[in-house]
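Geometric and topological summary
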Amino acid sequence: MKPHEIQGFTKNVQLEAPWSEIVIHHMKTALYLDAGEYEEAFLSQKEVVQSLQRFMPNMTRWILPVLYLFNNDLRLIATRADQDKEAAEGQRRKLEEAANVISKSFTYCITDRGPMVTSKKYGTYRMIGMLFRIYFKLKQQNLCKNILRAVKAADMPSLEQFPKSDRVTFRYYLGRLYFLEEDYVKAENELNLAFKECTKHHLKNKELILQTLLPVKLMKGMLPTKTLLSMFPQSRQIYSQLAIAVKKGNVKSFNVALTNSESTLIKQRTYFAVEKAESIALRQLFRKVFLVMGQNTRLPIAKFQQALNFEGMTIDIEEAEWMLANMIYKGYMKGYLSHEKMYLVLSKGDPFPPVCQVASQS
């Protein structure tokens, strides 16, 4: 059967609106997909979604599973259609178009004024998850702000009343959004909640959360345990050596591990965050010098230069002095520099504050 023959085939099918129209477009979508005509399948699936949307004001909460299925299929088909065009055009036009259609489904959910017990508002966060997934794929994260403003302005049930899967997805993308804005405190909070709520049966999703959560932890000097990394092989491959290097103050090993994982971290958009952890490795190295020198609070800058040279960082004494000044400025060390005598004078009380304390103040 050809897609254009569907109309005649279904003319005797007696279904109430909008189901007769939906069935016709659904069958067309299936036939186009079977023929590998993804662009036509997308247009047909868009008709499926829009046919349902026209009747959304008259429907209650029972329609939500159908709404999820139709909209997610639209997203998947749009992605497939764009894959065929992407090499030639370098754009994802169908996915953008799908986002516009799905955003209307989101609007029908969040603006529902029916009784809360039957309200379509309970579909809001599932639709948000679909939209955020598209926006991140398209690198249009700025559009997430419009969604968040709409949620803040709406009379919504608390997030805890929504299904766990919806909560985890929302918090994951919200955490990533905060991460990209360099609001690491909020990012860590949302990602922690997402990781804890994500069940042990969904290890792939938990590892996805760790891609952003571990860099935040690393910047605070909070290193992943061997037990944790043993459960997540991709995270272990990236962070095992990095964590060991930070803990031991081995700056050379840290930079080697960072270089080895550079392409993966760039793809995950976490490279620059992980790179910041070098400051903690330096702090650990300088603390080693302090301990080796008998915890003397007056130390020649040349001693730190020697330690840095040992780590493969061939620098002159002026650069070593600048690095120490930077550590003091960031709060990783307490003290001052005597440029005239080329000495570091450390505070007698807590010269190396805990890293987590420094990170929380920055």
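Residues numbered from 1 in each chain as written. Predicted model: local features only at pLDDT ≥ 70, side-chain atom pairs only at ≥ 80, totals over all residues. Heavy atoms only, no water.

Put simply, the rule reads: UniProt positions are given in the numbering used here, feature names are shortened, and annotations may be inferred rather than shown by experiment.
You'll find the protein chain entered in an unreviewed UniProt entry as PCI domain-containing protein, with Rhizopus delemar given as the organism. Comment text from UniProt for the protein chain, heading Sequence similarities (unreviewed entry), reads "Belongs to the CSN12 family."

A few points about the overall build of the protein chain
Formally: To qualify as a helix, a DSSP run of H or I must reach at least 4 residues; to qualify as a strand, a run of E must reach at least 2; elements of each kind are numbered from the N terminus. Values of the radius of gyration come from C-alpha atoms, whereas the globule rule sets the reference at 2.2 Å times the count of residues to the power 0.38. Accessible area is worked out with a 1.4 Å probe on protein chains only. A residue is then buried under 20% of its type maximum, exposed over 50%, and partly exposed in between. Should any heavy atoms of two residues lie within 4.5 Å, those residues are counted as being in contact. Residues scored as positive are Lys and Arg, those scored as negative are Asp and Glu, and His as well as the terminal groups of each chain are ignored. Positions of charges follow a simple convention, taking NZ of Lys, CZ of Arg, CG of Asp or CD of Glu.
A tally of helices and strands in the protein chain yields 19 helices and three strands. For the protein chain, whose C-alpha radius of gyration is 28 Å, the value lies well above the compact-globule estimate of 21 Å for 362 residues. Dimensions along the principal axes, computed over C-alpha positions, put the protein chain at roughly 95 × 45 × 35 Å. Looking at the protein chain residue by residue over its 362 residues, the buried ones come to 46%. Pairs at least 24 apart in sequence give 59% of the contacts found in the protein chain among residues at least 6 apart. One way to put it: in the protein chain the 51 positive side-chain charges average out to a point 7 Å from where the 36 negative ones average out.

Describing a positive patch on the surface
Counted only if it meets this: The patch calculation keeps residues exceeding 30% relative accessible area without a salt bridge and links them within 9 Å when they carry like charges or within 5 Å when they are nonpolar (Val, Leu, Ile, Met, Phe, Trp, Tyr). Here the accessible surface of atoms and residues is derived via Shrake-Rupley with a 1.4 Å probe, and residues count as covered only by protein chains that are part of the display. A side-chain nitrogen of Lys or Arg and a carboxyl oxygen of Asp or Glu constitute a salt bridge if their distance falls within 4 Å.
Together, Arg-133, Lys-137, Lys-139, Lys-204 and Arg-269 make up a positively charged patch on the protein surface. Structurally, Arg-269 can be placed in the loop between α14 (262–268) and α15 (271–275). Its relative accessible area of 37% is what places Arg-269 among the partly exposed residues.

A look at the UniProt feature "domain: PCI" (unreviewed entry) in the protein chain
Per the UniProt record, "domain: PCI" (unreviewed entry) is annotated on residues 168–351. The straight-line gap between the two end C-alpha atoms of residues 168–351 is 41 Å; of that span, 69% is helix and 6% is strand.

Observations concerning the nonpolar core
Generally speaking, nonpolar side chains in soluble globular proteins are found buried as a group. This is how it is decided: Remark: nonpolar core denotes a set of buried residues (Ala, Val, Leu, Ile, Met, Phe, Trp, Tyr, Cys) joined through side-chain atoms within 4.5 Å. Domain delimitation follows an automatic or database domain assignment.
By size, the foremost hydrophobic cluster in this structure holds 104 residues, and its most contacted members are Phe-132, Phe-286 and Leu-308. At nine residues, the largest contribution of residues to this core is made by helix α6 (residues 124–137). Two domains each donate at least three residues to this core, and these are domain 1 (1–157) and domain 2 (280–359).

Section: the environment of Ser-158
By the secondary structure assignment, Ser-158 is in the loop between α7 (144–153) and α8 (164–180). Take Ser-158: its relative accessible area is 34%, and that puts it in the partly exposed class.

Section: the packing of aromatic side chains
Cut-off, in case you're wondering: Pairing of aromatic side chains requires ring centres within 6.5 Å, counting the rings of Phe and Tyr and the six-membered ring of Trp. Pairs whose planes differ by under 30 degrees are stacked, by over 60 edge-to-face, and all others tilted. The rule is short: NZ of Lys or CZ of Arg within 6 Å of the ring centre and within 35 degrees of the ring normal puts a charge over the ring.
Summed over the entire model, instances satisfying the criterion amount to 12 aromatic pairs. Taken together, a centroid distance of 5.5 Å and an interplanar angle of 45° make the contact between Phe-290 and Phe-352 tilted. Of this pair, Phe-290 sits in helix α16 (residues 278–292) while Phe-352 sits in the loop between β3 (343–346) and α19 (355–361), and the two are 62 residues apart along the sequence. Note on accessibility: Phe-290 and Phe-352 belong to one class, buried. Chaining the aromatic ring pairs together yields one cluster made of Tyr-122, Tyr-125, Phe-132, Phe-136, Phe-162, Phe-170, Tyr-172 and Tyr-173. Note that Arg-61 overlies the ring of Tyr-122, its terminal NZ or CZ placed 3.9 Å from the centroid. Over the aromatic face of Tyr-68 sits the side chain of Arg-126, whose NZ or CZ is 4.3 Å from the ring centroid.

Quick notes on the layout of surface pockets
What counts is decided by this rule: Put plainly, a pocket is an open set of points on a 1 Å grid over the protein atoms alone with protein on both sides within 12 Å along at least five of seven lines, a cavity is a set where a 1.4 Å probe fits but cannot get out, and a lining residue has an atom within 4 Å of a point. Grid points are joined across faces, edges and corners, and a volume is the space filled by probe spheres set on the points. Throughout this entry, Asp, Glu, Lys and Arg are counted as charged residues, while Ala, Val, Leu, Ile, Met, Phe, Trp, Tyr, Cys and Pro are counted as nonpolar. The remaining residues, Gly among them, count as polar.
Roughly 1400 Å³ of internal volume is contained in the largest pocket. Lining the largest pocket we find 40 residues, and of these Arg-133, Tyr-172, Tyr-173, Arg-176 and Leu-208 sit closest to its centre. If you list the elements that add at least two residues to the lining of the largest pocket, you get α4 (64–89), α6, α8, α10 (203–219) and α14. When its residues are assigned to classes, the lining of the largest pocket shows 12 nonpolar, 15 polar and 13 charged.

Some remarks on the sheet that holds strand β1 (residues 298–300)
Basically, it comes down to this: If DSSP finds at least two bridges between two strands, the strands pair. Here the axes come from fitting lines to C-alpha atoms, over the contacting stretch only for helices, and the angles between their N-to-C directions go from 0 to 180 degrees.
Spatially, three strands are ordered β1-β3-β2 in an open sheet, and the strand pairing comes out antiparallel. A single partner strand is all that each edge strand has here, and the edge strands are β1 and β2 (335–338). Strand-to-strand twist across the sheet, computed as the mean angle between neighbouring axes with direction ignored, equals 20°. Taken together, the four bridges between β2 and β3 define a ladder with antiparallel strand orientation. The residue of β3 that forms the bridge with Leu-337 is Leu-344.

Side note on the pattern of salt bridges
For side chains bearing opposite charge, pairing can occur when the charged atoms are close. Applying the stated criterion across every chain, the model contains 13 salt bridges. One salt bridge connects Arg-171 with Glu-197, and the closest N-O pair in it is separated by 2.8 Å. Of this pair, Arg-171 sits in helix α8 while Glu-197 sits in helix α9 (residues 184–197); the two residues are 26 residues apart in sequence, bridging distant segments of the chain. Salt-bridge contacts for Asp-183 lead to Lys-186; the nearest nitrogen and oxygen are separated by 4.0 Å. Since its relative accessible area comes to 43%, Lys-186 is described here as partly exposed.

Notes on the side chain of Lys-217
For the record, the criterion: Polar contacts here mean pairs of N or O atoms no more than 3.5 Å apart (in protein, one a potential hydrogen donor and the other a potential acceptor; neighbouring residues in sequence count only if both atoms are side-chain atoms).
Along the chain, Lys-217 falls in helix α10. We classify Lys-217 as buried; its relative accessible area is 15%. A polar contact of 3.3 Å, which involves the side chain of Lys-217, links it to the side chain of Asn-192. Setting aside its immediate chain neighbours within four residues, Lys-217 contacts Glu-188, Asn-192 and Met-222.

A few points about the pairing of β3
Of the pairings in the sheet, the one linking β1 to β3 comprises three bridges and is antiparallel in character. Looking at β3, one finds that Arg-298 is bridged to Val-345.

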